[in-house]
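If you want the building blocks of each chain, they are given just below.
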Amino acid sequence: MLTISRELADRIIAHARADHPDEACGVVAGPVGSDSPERFVPMENAERSPTFYRFDSLEQLRVWREMDDRDEEPVIIYHSHTATEAYPSRTDISYASEPNAHYVLVSTREELGEKAEFRSYRIVDGVVSEEEVTITSG
């Protein structure tokens, strides 16, 4: 189960809307081993694509080094889908390399209007498991 604050969920959704029609991406870091998302880190979609995302390799190196320096890990790795439901694509599954991370997908497809679909998954060895999301007020 993913437990996330309303503030962090809203920031992820706002990033997804701001980058629409391209996919948005980023991480939420937290203390190593805590499973507690705390620090929002929006990242650049190097592909600038409505159907695919990829972290810029230099930015990713910088962010991962910063997390190491702060004794953090990527608790959440997020990206948006702009025209489809918030479910991992085959490409998303093949690139999932952090077995302890929650993979959050936000759909900003048109038929949702002002709403956004916010879902979380665990992806380990190519196996996708959707998990419950609890959004807290804190």
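In the block above lies the structure referred to throughout.
The text that follows walks through the structure, step by step, so that each part is easy to find. (Residues numbered from 1 in each chain as written. Predicted model: local features only at pLDDT ≥ 70, side-chain atom pairs only at ≥ 80, totals over all residues. Heavy atoms only, no water.)

### Quick word on the packing of aromatic side chains
Phase 1: Under the criterion given, the structure shown has five aromatic pairs.
Phase 2: Where Phe-40 meets Tyr-78, the ring centres are 5.9 Å apart and the plane angle is 10°; that geometry is what we call stacked. With a gap of 38 residues between them, Phe-40 in strand β3 (residues 39-43) and Tyr-78 in strand β4 (residues 72-81) connect regions that are remote in the sequence.
Phase 3: On the basis of relative accessibility, which here comes to 15%, the residue Phe-40 falls in the buried class.
Phase 4: A centroid spacing of 6.0 Å and a plane angle of 50° characterise the contact between Phe-55 and Trp-64, whose relative ring orientation is tilted. Neither residue differs from the other here; Phe-55 and Trp-64 are each classed as buried.
Phase 5: Connected via pairs of aromatic rings, a cluster forms that spans Tyr-53, Phe-55 and Trp-64. (Phe/Tyr/Trp six-rings, centres within 6.5 Å; stacked < 30°, edge-to-face > 60°. Helix = DSSP H or I, 4+ residues; strand = E, 2+ residues; numbered from the N terminus. Buried < 20%, exposed > 50% of the residue type's maximum accessible area, 1.4 Å probe, protein only.)

### Things to note about the pairing of β3
Phase 1: The buried fraction of β3 is high, at four of five residues.
Phase 2: Bridge count between strand β2 (residues 25-31) and β3: five bridges; the pairing is antiparallel. In the sheet register, Ala-29 faces β3, and the bridge partner there is Arg-39. (Pairing = 2+ DSSP bridges.)

### So, helix α2 (residues 57-69)
Phase 1: Along its 13 residues, α2 runs 18 Å from first to last C-alpha, staying within 8% of the 18 Å computed at 1.5 Å per residue.
Phase 2: Of the positions making up α2, those classed as buried are Glu-59, Val-63, Trp-64 and Met-67. Relative to the axis of α2, the buried residues are bounded by an arc of 125° and lie together on one face. Opposite its buried face, α2 presents the exposed residues Ser-57, Leu-58, Arg-65, Asp-68 and Asp-69, each directed more than 90 degrees away.
Phase 3: In this structure, the buried side of α2 is in contact with β2, β3 and β4. (Expected span 1.5 Å × (residues − 1). Arc of directions from axis to C-beta. Contact = heavy atoms within 4.5 Å.)

### Regarding the nonpolar core
Side chains that are nonpolar tend, in soluble globular proteins, to be buried together.
Phase 1: With 18 residues, the main nonpolar core has Val-27, Met-43, Phe-55, Val-63, Trp-64, Ile-77 and Tyr-103 as its most contacted residues.
Phase 2: Only β2, β3, α2, β5 (102-107) and β6 (117-124) provide two or more residues apiece to this core.
Phase 3: Counting residues in each nonpolar core, the second largest holds 15 residues, with Leu-8, Ile-13, Val-75 and Phe-118 among its members. (Core = buried A, V, L, I, M, F, W, Y, C linked by side-chain atoms within 4.5 Å.)

### Digging into the side chain of Arg-109
Phase 1: Relative to the helices and strands, Arg-109 resides in the loop between β5 and β6.
Phase 2: Within polar-contact distance, the side chain of Arg-109 engages the side chain of Ser-107 at 3.0 Å.
Phase 3: A distance of 2.7 Å separates the side chain of Arg-109 from the side chain of Glu-117, its partner in a polar contact.
Phase 4: The residues touching Arg-109, leaving out its near neighbours within four places in the chain, are His-81, Thr-82, Ala-83, Thr-84, Glu-85, Ala-86 and Glu-117. (Polar contact = N/O pair within 3.5 Å; in protein donor to acceptor, adjacent residues only side chain to side chain.)

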